[in-house]
Amino acid sequence: MTKEIWIFAYGSLIWRPGFDYSDRVKARLPGWSRRFWQASTDHRGVPGAPGRVVTLVDDDDGICEGVAYCLDGDIDQTLAYLDHREQGGYERRYIDIELLTEPATRVNALVYVGDETNPQFTGATQMEALVDTIRQAHGPSGSNRDYLLNLAEALEREGIEDSHAAAIAEQLSLSV
Ligand code: SIN
């Protein structure tokens, strides 16, 4: 019997999963926060001019809300696809998440995390520099500005509030 596999999406996987799934549910990850603290040289930037994308950071007071997908179809192919897509510093982690079903259900999910030991992890940087990067960077998956705006729209559609992403989006529209 194939084991059910859930993937927790907190960035571009929310609006562009790119794989088959049998279920999609709003979900949350207590103890973690979404941050634009990961440099991107393969999707939203290039070597020498990296963009900035989201990762998850440990945060005892935080909760990251996103979307969980239950995988369907050829799972090995999907995992190979995701490993390739997330190769820019992200690692597979298996973490308990809460599916916001009625009642909520706890499942162990695969989460791609770019932690502070990966070379593309930037940590916190000044808002002005971050917004400048996002305004200018461009990579094989498109502009960094579109990544941020797509994320902001996807979070709004899902009814997810994220003050960090919202503050950057607001600064970006002010500086365009
Ligand atoms: C990713 O999946 O980490 C990035 C994909 C994108 O930038 O669209």
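Scroll up to find the structure.
What comes next concerns the included structure. As the structure is a prediction and not an experimental result, all values here were calculated from the model. (Residues numbered from 1 in each chain as written. Predicted model: local features only at pLDDT ≥ 70, side-chain atom pairs only at ≥ 80, totals over all residues. Heavy atoms only, no water.)

Here the focus is helix 3 (residues 127–136). The complete set of buried residues in helix 3 reads Leu130, Val131 and Ile134. Burial along helix 3 is one-sided: seen end-on, the buried residues are contained in an arc of 95 degrees. Residues of helix 3 that are exposed and point over 90 degrees away from its buried face: Glu128 and Gln136. (Buried < 20%, exposed > 50% of the residue type's maximum accessible area, 1.4 Å probe, protein only. Helix = DSSP H or I, 4+ residues; strand = E, 2+ residues; numbered from the N terminus. Arc of directions from axis to C-beta.)

In this section: the pattern of salt bridges. A side chain of one charge can pair with a side chain of the opposite charge when the charged atoms of the two come close. Considering all chains together, one arrives at nine salt bridges under this definition. Close ionic contact of Arg34 with Asp162 constitutes a salt bridge, the shortest N to O distance being 2.6 Å. Remark: Asp162 occurs in the loop between helix 4 (144–158) and helix 5 (163–175) and Arg34 occurs in strand 2 (residues 21–40); sequence separation between them is 128 residues. Residue Asp162 is classed as buried on the basis of its relative accessible area, which comes to 13%. Connected via shared salt-bridge partners are Arg28, Asp96, Glu98 and Arg106. (Salt bridge = Lys/Arg side-chain N within 4 Å of Asp/Glu carboxyl O.)

Each full turn of the α-helix corresponds to 3.6 residues, which orients residues three or four apart in the same direction. Taking 1.5 Å of rise per residue, the 15 residues of helix 4 would be expected to cover 21 Å, and the 21 Å separating its terminal C-alpha atoms lies within 8% of that figure. Positive phi shows up at Gly159, right after helix 4, with a value of about 75 degrees. (Expected span 1.5 Å × (residues − 1).)

Turning our attention to the side chain of Ser143. Relative to the helices and strands, Ser143 is located in strand 7 (residues 142–143). In terms of polar contacts, Ser143 uses its side chain to reach the backbone amide nitrogen of Asp146, at 3.0 Å. Apart from residues no more than four positions distant in its own chain, Ser143 is found in contact with Arg44, Ala137 and His138. (Polar contact = N/O pair within 3.5 Å; in protein donor to acceptor, adjacent residues only side chain to side chain. Contact = heavy atoms within 4.5 Å.)

On to the site of the ligand, then. In the neighbourhood of the ligand, the contacting residues comprise Ser12, Arg16, His43, Arg44, Arg85, Glu86, Ser141 and Tyr147. Within the contact set of the ligand, an oxygen atom lies 2.7 Å away from a side-chain nitrogen or oxygen of Arg44. At 2.7 Å from an oxygen atom of the ligand is found a side-chain nitrogen or oxygen belonging to Glu86. Starting from 260 Å² of accessible surface for the ligand in isolation, the protein chains cover 96%. Grouping the constituent residues of the shell around the ligand by class yields one nonpolar, three polar and four charged. (Near = heavy atom within 4 Å. Areas by Shrake-Rupley, 256 points an atom, 1.4 Å probe, with all protein chains shown as cover. Nonpolar A, V, L, I, M, F, W, Y, C, P; charged D, E, K, R; others polar.)

Further remarks concern the environment of Leu151. Structurally, Leu151 can be placed in helix 4. On the basis of relative accessible area, Leu151 is assigned to the buried category, the value being 0%. Sequence separation between Leu151 and Leu82 is 69 residues; the distance between their C-alpha atoms is 18 Å. Setting aside residues up to four positions removed in sequence, Leu151 forms contacts with Tyr10, Gly11, Trp15, Arg34, Phe36, Val54 and Ala165.

Moving on, we get to a negative patch on the surface. There is a patch of like negative charges on the surface, built from Asp58, Asp60, Asp61 and Glu116. Mapped onto the elements, Asp60 comes out in strand 3 (residues 51–71). (Patch = residues over 30% accessible without salt bridge, like charges linked within 9 Å, V, L, I, M, F, W, Y side chains within 5 Å. Lys, Arg positive; Asp, Glu negative; His and termini not counted. Charge placed at Lys NZ, Arg CZ, Asp CG, Glu CD.)

Note on strand geometry: in a regular strand, side chains alternate between the two faces of the sheet. Bridging between strand 1 (residues 6–9) and strand 5 (residues 105–113) involves two bridges; their strand directions are parallel. Each residue of the ladder has a partner; that of Trp6, found in strand 5, is Ala109. Sheet topology places strand 4 (residues 91–99) next to strand 5; nine bridges connect them, and they run antiparallel. Note on strand 5: the bridge partner recorded for Arg92 is Tyr112. From the end of strand 4 to the start of strand 5, which pair antiparallel, there are five residues. (Pairing = 2+ DSSP bridges.)

Formed by 49 residues in total, the largest nonpolar core has its most connected members in Phe8, Leu29, Phe36 and Ile97. A per-element tally of this core places strand 3 first, with nine residues. Sequence-distant contacts of Ile97, defined by excluding residues within four places in its chain, comprise Phe8, Ala27, Arg28, Leu29, Ala68, Thr105, Arg106, Val107 and Ala109. (Core = buried A, V, L, I, M, F, W, Y, C linked by side-chain atoms within 4.5 Å.)

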